[in-house]
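Summary of structural features
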Amino acid sequence: MIRSLRPLAAALLLLTVNCSLLTETKAQTPKSYTSAEILLGLKKLNVLGSVMYLAAHPDDENTRLIAYMANERLLETSYLSCTRGDGGQNLIGPELREGLGVIRTQELLAARRLDGGRQFFTRANDFGFSKTSDETFRIWDKEQVLADMVWVIRQRRPDVLITRFPPDARAGHGHHQASAILAAEAFDAAGDPKRFPEQLQYVQAWQPKRLLWNTGSFFVKPGENMDGYLRLDAGGYNPLLGQSYGEIAARSRSNHRSQGFGSAAQRGEALEYFQPVKGDKATKDLFEGVDQTWNRVPGGAAVGKLIEEVIRKYDPSNPSASVAGLLKVREKINKLPNAFARVDATNYWVENKLSEINNLIYGALGLSIEANAAEQTAVVNGKFDLKIDVVNRAPFSIKLLGIHTQNVEQDSVLEKQSLVPPTSGNHMREGASIGFNANQEIKAGSTFSKTFKFPLLKNEQISQPYWLREPGTVGMYKVPAVIVAEHLTGDKHLAVMGGAIKQQEIIGSPRNPAAALVTVVLQVAEGNVAFEVPVQYKHTDPVLGELYQPLAVVPPVLVNLPPARSYVFADAQPKTVPVTLRAGRAGVSGSLALALPAGWKCEPATVPFALAAKDEELTVNFQVQPLAGAAPGRAELRATATVAGQAYARGLQKIEYPHIPTQFLFPEAVAPLVKLDLKRRGQNVAYLMGAGDEVPDALRQIGYTVTLLEAKDLTAANLKKFDALVVGIRAYNTVDKLKTQQPEILKYIEQGGNVVVQYVVNRGTVMPEIGPYPMTLSSDRVTVEDAPVTLTKHQLLAAPNKITADDFKGWVQEQGLYYPSKWDPKYQTVISSSDPGEPAKESAILVTDYGKGHYIYTGLSLFRELPAGVPGAYRIITNMISYGKEVAQ
């Protein structure tokens, strides 16, 4: 989006508008375009239409329809997800909540890179499963989420809005229902200048033509006639891409790996159905009455004719021959009336089409431009080595006019140079931009390379995702007032070239702006073209090959506590709390201390440190113990490093998976501190990991000796030495070998063993029966964390710890999930609870004797409660492990 542009910025815009080819693929392997993709892009230049899909979560979107709209209809296509999926489960690793939200954000971006859409979000937090929209709106700030939806609609100006879900119980999840309700309200509010008028300094009110619901067989009643619905076939084949839209969709959807949504490709007819919700009715086509040609822009007809000429002359064996024609199209667009007005409809299409032209010029020339940092992190206010490579793969020479950045300081080795080449006749005021004045020819097949010492912006912030920088609420993330510090000029209006980004401007964005940007200005075919390149880090993995990731800005020192660990004290014995310091820069020194609540003791009180080299680490072990005055329950400890009078209390969490670029989070160096009355029986626990959780570490905290086993180790003879086997979450969904080892597990139980199985998803189990007797798994759950619990007199609740209703207080995100709906009479129920207005659910814990041993299935969300330091969760799982044993420890 173009913000308040002064004449100078507008002059730069004549060259480029944030070249999306480079900036939209931040920290990804640079995009190389085939001749066929370039031709498809040329055709898209002549389509001025936009569509937006709206739903609640990552994976809710219809990837086939998005692929069809973006690549067949050639529309500006976007997906607006209310949440980032933070409240779900993780099939590929231990990350939950904020970490999972970051993973799913990146999975959506990876999906959009394949299907051709753009990705947007609101500030709504996925707080977990919700059964009704009423419950959702009690936790979300409805007006704020609506404002975010309206903001994105006004930015992207879709002609048609499409929802995934109906606004009622058919949608299932309360978030689903809420997304449809909000979409209908946003349809009206976006076009009303009286709604959210604060947005209108950046955008205009915008009224979409119509709102439709993308319905299907999963929403209609059996036998319902769908002949009256609008429909289209989204299963077509695109010969330029060599794939059908069903094939593209499968590849796109398969990026949702954290949810286990690998998808098979669909080929052939694929009908999509639509019901009208609001706006003008359409009888045959979703876009009836929408002019998608250049005629919708005043004076634009001539632009369309020029593009047609470029398409007609396009030579797939020599795409670079089209560059001269594209420059003429760009010149024509630049001369349109109001092309650079601050906010209007013409401006929207000018910005989008100039960006597309830059992409096409880059692709047609076969250019490769990279700005790579020598290391993956840079310290706040520091400098780093930056290597810029410009590879000319066109069949003719190009001229490098300059390399520019808003980050570079006056005393840099770079030569001060205006960002706009001298031939433009426009100049920045003194000090606005400093760069390298190359004026150097790059011959065909040649490379220009140069290494700079690159300083970051003054007051640059660490690379914490913008929605995690300030504390939010259970239902909403909070976005800071300003995201990026102003550049050296202090000119906040030159936003197209860097500077402060205000809260309103960043809302909806899927990720942070790049930590640093470089603009490379080239002279090509008698025209000047500027390409904005994010600075990133490139390295070679011995298995995966060449990889790119974002440059991360870090503080001078990082303070890391073990992840997802609670420190639980059932007695007064001290525990070791390791704190690992990591240097964000060379030569950092200071002191480290733990802050504890009253009644707790820490030794040593303070530790001095000195780290000579960047990335050097030092682990300090503190001894923490409760004194007589320590209050029972959950408290918190915090580690803080002080450097030159400045306190630092954030660590570094690296999220690394092969299908997304490496991400960095900066969690606060805090951990739950729990004092509780706890007795246990048994000592040695075997643990089979499923989808990944932090339960083994929690069990170690209360004194158990935990051994992680692989499925092949699950033999009766091997398990005999353990007091209990605990099976991790979703193990019966993810560990295929369980279907062959299950007889051994049952034999272990029969011989006197104790097995505790944590929740199993009701679809996709590796075997039909997961217990010794039949049970039918379901999606039943209790979503209200503090729902009242009715306790039976079952022995499981009596020893070695007396479980009471207080043990179910202070829980986080859902009481339990995937409860069985039916079970054999041999299973005994232990507790019951329910969400408001629903009948009691009795299968949160099922217990049965089998031979001399015992089997327990539990859907309680212990995998969330234990790392969060919920005292009652520790007492409950201890009773499960101790069940059937007589001696308490």
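Quantities reported herein were computed from a predicted structural model and do not represent experimental measurements.

Remarks on the overall build of the chain
Scanning the chain for helices and strands turns up 19 helices and 44 strands. Looking at the chain residue by residue over its 889 residues, the buried ones come to 60%. Sequence separation of 24 or more characterises 75% of the internal contacts of the chain that already satisfy a separation of 6 or more. Entry remark: accessible area of the chain is about 33,700 Å², with carbon and sulfur atoms responsible for 50%.

Quick notes on the packing of helix H4 (residues 63-71) against helix H9 (residues 245-253)
Where H4 meets H9, the closest approach of the two axes is 8 Å, and the angle between their N-to-C directions is 120 degrees. On the basis of the axis angle, H4 is oblique to H9. Here H4 and H9 pass one another in a crossing that is right-handed. Contacts between H4 and H9 involve Thr-63, Arg-64, Ala-67, Tyr-68 and Asn-71 from the former and Tyr-245, Gly-246, Ile-248, Ala-249, Ser-252 and Arg-253 from the latter. Of the residues that constitute the contact of H4 with H9, the class distribution is 5 nonpolar, 4 polar and 2 charged.

Observations regarding the environment of Lys-194
Looking at where Lys-194 falls in the secondary structure, it is placed in the loop between helix H8 (174-189) and strand E5 (210-215). What makes Lys-194 exposed here is its relative accessible area of 72%. The sequence separation of Lys-194 and Ala-205 amounts to 11 residues, and the corresponding C-alpha distance is 9.1 Å.

Structural notes on the side chain of Ser-244
Along the polypeptide, Ser-244 turns up in strand E8 (residues 243-244). Among the polar contacts listed, one links the side chain of Ser-244 to the backbone oxygen of Gln-266, at a separation of 3.4 Å. Those residues in contact with Ser-244, other than ones at most four positions away along the chain, are Gly-235, Gly-236, Tyr-237, Asn-238, Gln-266 and Arg-267.

Notes on the sheet that holds strand E24 (residues 575-583)
Across the sheet, which stays open at both edges, the 4 strands sit in the order E22-E24-E28-E26 with antiparallel pairing between neighbours. The strands lining the two open edges of the sheet, one partner per strand, are strand E22 (557-560) and strand E26 (600-603). Along the sheet, successive strands turn relative to each other by an average axial angle of 25 degrees, direction set aside. Sheet analysis places E26 next to strand E28 (residues 617-626), joined by 4 bridges and oriented antiparallel. What sits directly across from Glu-603, in E28, is Gln-623.

Some points on helix H11 (residues 323-334)
When the terminal C-alpha atoms of H11 are compared, their 16 Å separation across 12 residues agrees well with the 16 Å that a helix rising 1.5 Å per residue should span. Buried within H11 are the following residues: Val-323, Leu-326, Leu-327, Val-329, Arg-330, Ile-333 and Asn-334. Mapping the buried residues of H11 onto a view down its axis gives an arc of 160 degrees, with all of them on the same face.

Observations regarding the packing of aromatic side chains
Enumeration according to the criterion identifies 14 aromatic pairs in this entry. Relative to Tyr-245, the ring of Tyr-68 lies with its centre 5.8 Å away and its plane at 90 degrees, an arrangement referred to as edge-to-face. Of the two residues, Tyr-68 is situated in helix H4 and Tyr-245 in helix H9; the sequence distance between them amounts to 177 residues. Each member of the aromatic cluster is reached from another via a ring pair, and the members are Tyr-773, Tyr-827, Tyr-850 and Tyr-855. Of note, Arg-84 hangs over the ring of Trp-467, and the distance from its end group to the ring centre comes to 3.4 Å. Between Lys-826 and the ring centre of Tyr-773, over which it is positioned, the NZ or CZ distance is 5.0 Å.

A closer look at the packing of helix H3 (residues 35-45) against helix H10 (residues 301-313)
Axis separation between H3 and H10 bottoms out at 9 Å; the angle between their running directions is 160 degrees. It follows that H3 is roughly antiparallel to H10 by the angle criterion. Here H3 runs over H10; the crossing is left-handed. Together, Leu-39, Leu-42, Lys-43 and Leu-45 of H3 and Ile-307, Val-310 and Ile-311 of H10 make up the contact between the two elements. Taken together, the residues of the contact of H3 with H10 sort by class into 6 nonpolar, no polar and 1 charged.

A few points about the side chain of Ser-843
Among the secondary structure elements, Ser-843 is positioned in the loop between strand E42 (831-833) and strand E43 (845-850). A relative accessible area of 2% places Ser-843 in the buried class. At a separation of 2.7 Å, a polar atom in the side chain of Ser-843 contacts the main-chain carbonyl oxygen of Pro-820. Those residues in contact with Ser-843 that sit more than four places away from it in its chain are Tyr-819, Pro-820 and Trp-823.

Some thoughts on the confidence of the model for the chain
The predicted coordinates ought not to be read in detail in places where the model reports low pLDDT. With 90% of its residues at a pLDDT of 70 or more, the chain has an overall mean of 89. Low pLDDT (under 50) marks residues 408-434, which in the prediction has 73 contacts with non-local residues, meaning those over four places away or in another chain. Low pLDDT, under 50, characterises residues 485-498; the stretch is placed with 40 contacts to residues that sit more than four places away or in other chains.

Remarks on the nonpolar core
Across soluble globular proteins, nonpolar side chains have a tendency to be buried as a group. Residues Leu-699, Tyr-857 and Leu-860 are the most contacted members of the largest nonpolar core, which totals 81 residues. In contact with Leu-860, not counting residues within four places along its chain, are Phe-808, Trp-811, Gln-815, Gly-816, Tyr-819, Ile-831, Ala-844, Ile-845 and Ile-876. Counting residues in hydrophobic clusters, the runner-up holds 58 residues, among them Leu-326, Ile-357, Leu-386 and Leu-522.

Conventions we followed
- Residues numbered from 1 in each chain as written.
- Predicted model: local features only at pLDDT ≥ 70, side-chain atom pairs only at ≥ 80, totals over all residues.
- Heavy atoms only, no water.
- Helix = DSSP H or I, 4+ residues; strand = E, 2+ residues; numbered from the N terminus.
- Buried < 20%, exposed > 50% of the residue type's maximum accessible area, 1.4 Å probe, protein only.
- Contact = heavy atoms within 4.5 Å.
- Areas by Shrake-Rupley, 256 points an atom, 1.4 Å probe, with all protein chains shown as cover.
- Axes fitted to C-alpha atoms, helices over the stretch in contact; angles between N-to-C directions.
- Parallel < 35°, antiparallel > 145°, perpendicular 65-115°, else oblique.
- Left-handed = near helix turned anticlockwise from the far one by under 90°.
- Nonpolar A, V, L, I, M, F, W, Y, C, P; charged D, E, K, R; others polar.
- Polar contact = N/O pair within 3.5 Å; in protein donor to acceptor, adjacent residues only side chain to side chain.
- Pairing = 2+ DSSP bridges.
- Expected span 1.5 Å × (residues − 1).
- Arc of directions from axis to C-beta.
- Phe/Tyr/Trp six-rings, centres within 6.5 Å; stacked < 30°, edge-to-face > 60°.
- Lys NZ or Arg CZ within 6 Å of the ring centre and 35° of its normal.
- pLDDT = per-residue confidence, 0-100.
- Core = buried A, V, L, I, M, F, W, Y, C linked by side-chain atoms within 4.5 Å.

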